[in-house]
Amino acid sequence: MIQRKKIVRPAFLKEGDKVALVSPAYWIPQEAIQEAADTIKTWGLQPVIGPHTNSLNVNVYAGTADERAADIMWALEDDSVKAIICTRGGYGSIHLLNRVHKECYQQHPKWLIGHGDITTLLNAIVSAGVMSIHGPMAYQIASNEGIDSEITRSILFGTVPQYKIPGTAHNVCGHAEGVLIGGNLSSFSAIAGTKFVLPGNQDLILLIEEVEESLHDIDRLFYMLRLQEGFERVKGIIFGSFNSIKFDLQFGSVEQMLVAHLRDLDIPICCGFPVGSNSCVPLIEGAQCSLDVTTEESTLTFNIEGDKHTYIIEKEAPKLIK
């Protein structure tokens, strides 16, 4: 019998702790990284920048795969570093999966934050038994605009969010509980069914978002997920944003197509969650959570230790209920 894997919550931070900025995928200018570092200082934290973040390689990657993996290892193995924020996604994180061993995540559990292509690392860490944060990256934190960065800071310092968002016409009502996994569809489907996705018999809540793909490609990738052994463990689904999509199939929206995929399953589906390439409200991957979906609203609750706050996502911006 496959045993449930215990998933560890990394320690919350305190003022003065170090936070590493690393570039596991595409390169971004040092000026943008420095702007993010300046914002992190205003959070009361001490930013440190990965040694290879300025190593532009083949005009796109932030260094070779070995150099990018070395920066992750450096940040993990330095016990004075308490969290890791990825500078941006793009492509390339998958190159690091066999270069950073699970034992390193297990021996040095700490928060790693990112989304998009960073989905591969977030889920690799969860598969090793450590929670991670699907949230804004350094280039977004640099602007320090919107609520995403504020909530990310709050999580790092010990606030566990509950989210309430408006309902949509595509919502499928119901209640589900499970461990949150997933992220960017292209990145997650590439590792689904491998050792880099959470093993065991836990029930799952699946998060999916995508950008700059066609309906045809999204259709194919989602079929790939449904064909994976263990998809029956998915007890609820959260669809984030789908930006810059090419409509080459006869559906009015991505959500309409994906909900049609799932008509045979009696599980709740939350549509329109503000996670993706534009807005990225932070979510704790690997955490036990509950999802409640109605036509009026959806509520996502993380069932882990921490100071609890509720955020209401309105059409314009989330706000904190004190």
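Notes on the structure follow.

Rules of the game
Residues numbered from 1 in each chain as written. Predicted model: local features only at pLDDT ≥ 70, side-chain atom pairs only at ≥ 80, totals over all residues. Heavy atoms only, no water. Pairing = 2+ DSSP bridges. Helix = DSSP H or I, 4+ residues; strand = E, 2+ residues; numbered from the N terminus. Axes fitted to C-alpha atoms, helices over the stretch in contact; angles between N-to-C directions. Contact = heavy atoms within 4.5 Å. Buried < 20%, exposed > 50% of the residue type's maximum accessible area, 1.4 Å probe, protein only. Salt bridge = Lys/Arg side-chain N within 4 Å of Asp/Glu carboxyl O. Core = buried A, V, L, I, M, F, W, Y, C linked by side-chain atoms within 4.5 Å. Expected span 1.5 Å × (residues − 1). Arc of directions from axis to C-beta.

### A few points about the sheet that holds strand β6 (residues 111–114)
- Here six strands make up an open sheet; going across it, the order is β2-β1-β5-β6-β7-β13 and the pairing mixed. Every interior strand has two partners, whereas the edge strands, β2 (46–49) and β13 (283–285), have only one. On average, each strand axis in the sheet is tilted by 25° relative to the strand beside it, whichever way the strands run.
- Pairing of strand β5 (residues 81–86) with β6, which is carried by three bridges, proceeds in the parallel orientation. The residue bridging I85 from the neighbouring strand is I113, located in β6.
- Of the strands in this sheet, β1 (18–22), β2, β5 and β6 touch helix α2 (residues 65–77), which is tilted by about 175° from β1.
- Along the sheet face, helix α6 (residues 147–156) touches β5, β6, β7 (132–134) and β13 and points at about 170° away from the line of β6.

### Side note on the pairing of strand β15 (residues 297–302)
- Counting buried positions along β15 gives five out of six residues, so the element sits mostly inside the fold.
- Note that strand β8 (residues 159–166) and β15 share five bridges and pair antiparallel. Across the sheet, Q162 pairs through a bridge with T301, a residue of β15.
- Bridge count between strand β14 (residues 288–293) and β15: five bridges; the pairing is antiparallel. Residue C289 lies in a different strand from β15, and its bridge partner there is F302.
- In this antiparallel pair of consecutive strands, β14 and β15, the connection spans three residues.

### Quick word on the pattern of salt bridges
- Evaluation of the coordinates by the stated rule reveals six salt bridges.
- One salt bridge connects E305 with R9, and the closest N-O pair in it is separated by 3.4 Å. You can see E305 sitting in the loop between β15 and β16 (307–313) and its partner R9 sitting in the segment before β1, a full 296 residues away along the chain.
- Assessed through its relative accessible area of 58%, E305 is described here as exposed.
- R9 gets classed as partly exposed once you look at its relative accessible area, which sits at 24%.
- Across the pair D66 and R99 runs a salt bridge, and its minimum N-O distance is 2.7 Å.

### Quick notes on the nonpolar core
- Counting residues in hydrophobic clusters, the biggest one holds 103 residues, and the most contacted among them are F239 and F302.
- Excluding residues within four positions of it along the chain, F302 makes contact with V160, P161, Y163, L180, L283, I284, A287, Q288, C289 and K308.

### Observations concerning the side chain of S187
- With respect to the element layout, S187 can be found in helix α7 (residues 185–191).
- Here S187 falls in the buried class, since its relative accessible area comes to 9%.
- Setting aside anything within four residues of it in sequence, one finds S187 in contact with G116, D117, T119 and T120.

### Here's the deal with helix α1 (residues 30–42)
- The end-to-end C-alpha distance of α1, which contains 13 residues, comes to 19 Å, matching closely the 18 Å that a straight helix rising 1.5 Å per residue would cover.
- Every buried residue of α1 is listed here: I33, A36, A37, T39 and I40. All buried residues of α1 project into a common sector of 160° when viewed along the axis, lining one side. Exposed side of α1, more than 90 degrees from the buried face: E31 and T42 are the residues found there.
- Residues of α1 that are buried make contact with β1, β2, β5 and α5 (138–141).

### Examining unusual backbone geometry
- The phi torsion at E212 lies on the positive side, around 60°, for a residue other than glycine.
- Along the chain, E212 falls in the loop between β10 (204–211) and α8 (215–227).
- Residue classification places E212 among the exposed residues on the basis of a relative accessible area of 62%.
- Phi at S244 is positive, roughly 55°, even though this residue is not glycine.
- Relative to the helices and strands, S244 is located in the loop between β11 (234–243) and α9 (254–261).

### Notes on the environment of W74
- Position of W74 relative to the elements: it lies in helix α2.
- Counting along the chain gives 54 residues from W74 to A20, while the straight-line C-alpha distance between them is 9.3 Å.
- Residue contacts for W74: discarding those within four places in its chain leaves A20, V22, V48, I49, G50 and P51.

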